[in-house]
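An overview of the molecular structure
Listed below are the residues making up each chain.
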Amino acid sequence: MKTISKLALIAAFATGTSGLALSAPAFAKDKKAEEAPAMKLSPEVQKPGIAAQTALTAKDYAGAQTAIDQVDAAAKTDYEKYIGAALRYQLENEKLVAAQTANPNAPMNETTLAKPLDALIANPATPAADRGRYAYRRGALAFNGKQYPIALQYFAKAKELGYTDPNLPLQVIKAKMDSGDVAGATADLEASIAQMTASGQKAPEEYYRYAIAKSYAAKRNADTMAWLKKWITAYPSAKNWRDVLILSGIQANALIPLDEAQKVDVFRLMRATNSLADQTDYLQYADSVNRRGLPSEAQAVIKEGLASGKIPASNTMAKGLLADASKNIANDGPLSGLEKRAAAAPNGKLAAGTADAYLGQNNYAKSIELYRLALTKGGVDADDVNLHMGIALARSGDKAGATTAFSAVKASPKADVAGLWTTWLGAPAA
């Protein structure tokens, strides 16, 4: 924090007038003759002021305290009161530094700074630029004392006075957040990110993580989801995608309450983003699709896990799933027969099921064709069919078509899963 220069104070006390370049409006007069009386120190202030400055230089804090008390008692003008407050702030600041130097592990009690800071902020003789700095310091003091509403008042005052420290917006955000105003804080943080983006900068990843953590802790699930999407768009990586998808829909207390069938579509997105991290991910995914009559997808997932080394070759469950999937594929036979029956069926249920099987084989063209047939015939869960058709379109590279299909998914939680897939379509490649 900027304090009054010791040399400037010595000059003021030696001459009785200020050696400081004051910039407050009260001193911006046209006539120099009008400046001098306002900036002149009376002998009753000048003498103890010099004594206080001498004592501070010698680190005689008791002597400085006595002299500053005399300055305050004798001060009549705003300028003299400003000098007294500045000296007291310097004294309390130096005492804190000395105490911290003597015992670095002791907690710092900054409350003694509050009174002189308040006096400096309120005094019209304090230069405007310094008042902004003092207001920011006073806000930080209140923040450290967990007095968040007070901190916000002083931060607002600092901004009003033109203080432009880059930490100010973040301090406001933290104060709002810790006072319980999560919505206001995250709105400010979003504005800060937008401002940085507009200026060609990229907001730090910690901004997104902070918003996610605070929104999640406040049980603001919709906001948490929105920030997860912003984060993964700004910082796409396999690890980040896994964190997003586990928190969103896979873990027990996920943001989106999903049944096992719906979790499969999140696992599919994990597969698309290369964020299946270990054998647990692969085996849970493969087991789910195998039990749901999609052995080709189960087989492909197990083989990918083995090839990547994420599933050990000796894994008993993987061997069992692979054998079971292979047996089911052989028993099911080719899908072409089901395709013909689906075309003749009175509703779209068989077409949708056959399309799911083709999706599991990565035969996206066939699956898309049959999903469209299912929608035409009707009698199916349109959200389910549009979600799966969107996945097939996305994996085939048709982003526009996929976006249209995902936007047709209306009801939660499937619409939320579709939103995650849409985010992937718009995010840069991991």
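Preceding this paragraph is the structure being described.
Quantities reported herein were computed from a predicted structural model and do not represent experimental measurements. (Residues numbered from 1 in each chain as written. Predicted model: local features only at pLDDT ≥ 70, side-chain atom pairs only at ≥ 80, totals over all residues. Heavy atoms only, no water.)

Counted as a void, the largest pocket has a volume near 580 Å³. Forming the walls of the largest pocket are 21 residues, and the residues nearest its centre are Leu168, Pro169, Leu170, Ser192 and Gln195. Contributing elements (two or more residues each) for the lining of the largest pocket: helix H8 (148-160), helix H9 (168-178) and helix H10 (182-198). What the second largest pocket holds in volume is close to 290 Å³. The wall of the second largest pocket is formed by 17 residues, among which Ala261, Arg292, Asp356, Asp384 and His388 lie closest to the centre. If you list the elements that add at least two residues to the lining of the second largest pocket, you get helix H14 (260-272), helix H19 (349-360) and helix H21 (382-396). Looking at the lining of the second largest pocket, the element that brings in the most residues is H14, giving five residues. (1 Å grid on protein atoms, 1.4 Å probe; cavity = no way out; pocket = protein on both sides within 12 Å on 5 of 7 lines; lining within 4 Å. Points joined across faces, edges and corners; volume = space filled by probe spheres on them. Helix = DSSP H or I, 4+ residues; strand = E, 2+ residues; numbered from the N terminus.)

All right, on to empty space enclosed by the protein then. To find the voids left in a structure, one rolls a probe of water-molecule size over its atoms. A complete count under the given rule lists one cavity of 30 Å³ or more for this structure. Within this model, the largest cavity holds a volume of roughly 70 Å³. Residue lining of the largest cavity: Arg268, Arg271, Tyr285, Glu297, Leu359, Asn362, Tyr364, Ile391, Arg395 and Trp421, and that is the complete set. When its residues are assigned to classes, the lining of the largest cavity shows five nonpolar, one polar and four charged. (Nonpolar A, V, L, I, M, F, W, Y, C, P; charged D, E, K, R; others polar.)

Overall, the coordinates contain 22 salt bridges when judged by the stated rule. Note that Asp130 and Arg133 form a salt bridge whose closest N and O atoms lie 2.8 Å from each other. With Asp130 and Arg133 both in helix H7 (residues 128-144) and three residues apart, the pair spans about one turn of that helix. Judged by relative accessible area, Arg133 falls into the partly exposed class, the value being 28%. Several salt bridges converge on common partners, so that one network encompasses Asp69, Asp72 and Arg88. (Salt bridge = Lys/Arg side-chain N within 4 Å of Asp/Glu carboxyl O. Buried < 20%, exposed > 50% of the residue type's maximum accessible area, 1.4 Å probe, protein only.)

The next subject is the packing of helix H20 (residues 364-377) against H21. It is at 9 Å that the axes of H20 and H21 come closest, and there the two elements cross at 155°. Here H21 runs roughly antiparallel to H20, going by the angle between their axes. Helix-helix and strand crossings are classified by hand; for H20 and H21 the assignment is left-handed. Counted together, Tyr364, Ser367, Ile368, Tyr371, Arg372 and Leu375 of H20 and Ala382, Val385, Asn386, His388, Met389, Ala392, Leu393, Arg395 and Ser396 of H21 form the full contact between these two elements. Taken together, the residues of the contact of H20 with H21 sort by class into nine nonpolar, four polar and two charged. (Axes fitted to C-alpha atoms, helices over the stretch in contact; angles between N-to-C directions. Parallel < 35°, antiparallel > 145°, perpendicular 65-115°, else oblique. Left-handed = near helix turned anticlockwise from the far one by under 90°. Contact = heavy atoms within 4.5 Å.)

Any functional reading would require information that these geometric values do not contain.
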